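Chain by chain, the residues run as shown.
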Amino acid sequence: LMKVLSTKYHETAPYAISPEVFWVHEGVWRLFPIELGEKDINVIPPPEFVEVLNQLGANLDEDDPDETA
């Protein structure tokens, strides 16, 4: 949705900088490429984003009382 809106309003919004989506983490702005096709959407997250998601997933596994070792 963010990509659709940024693309749609980039040309007409006051002070629009870019139609691209960025992820800001720890003060660093990273391009978060999203390609909109006719029937598909391709999301190419920055490697740092994937790393954070993996860390969150690992933390969830540690907190799961039903998880057996």
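Just above sits the structure.
Please read all numbers here as calculations on a predicted model, not as lab measurements.

About the criteria used
- Residues numbered from 1 in each chain as written.
- Predicted model: local features only at pLDDT ≥ 70, side-chain atom pairs only at ≥ 80, totals over all residues.
- Heavy atoms only, no water.
- Helix = DSSP H or I, 4+ residues; strand = E, 2+ residues; numbered from the N terminus.
- Contact = heavy atoms within 4.5 Å.
- 1 Å grid on protein atoms, 1.4 Å probe; cavity = no way out; pocket = protein on both sides within 12 Å on 5 of 7 lines; lining within 4 Å.
- Points joined across faces, edges and corners; volume = space filled by probe spheres on them.
- Buried < 20%, exposed > 50% of the residue type's maximum accessible area, 1.4 Å probe, protein only.

Colleague: I'm lost on the overall build of the chain in this one. Help?
Modeller: Counting its regular elements, the chain contains two helices and four strands. Taken from the N to the C terminus, the helices and strands of the chain come in the order α-β-β-β-β-α. A separation threshold of at least 6 residues defines the contact pool for the chain, and within that pool the share at least 24 residues apart is 14%.

Colleague: It is not clear to me how the environment of Lys8 should be interpreted in this structure. Could you clarify?
Modeller: Structurally, Lys8 is set in helix H1 (residues 2–9). For the pair Lys8 and Pro19, spaced eleven residues apart in sequence, the C-alpha to C-alpha distance is 8.1 Å.

Colleague: Honestly, the layout of surface pockets in this entry has me stumped. Any pointers?
Modeller: Unoccupied space between atoms shows up once a probe the size of one water molecule is rolled over them. By volume, the largest pocket is sized at about 160 Å³. In terms of lining residues, the largest pocket is bounded by Met2, Ser6, Ile17, Ser18, Glu20, Val21, Phe22 and Trp29.

Colleague: What am I meant to see in the side chain of Lys3 here?
Modeller: When you line up the elements, Lys3 lands in helix H1. A relative accessible area of 10% means that Lys3 is categorised as buried. If sequence neighbours within four positions are ignored, Lys3 has contacts with Pro19, Glu20, Val21, Ile34 and Leu36.

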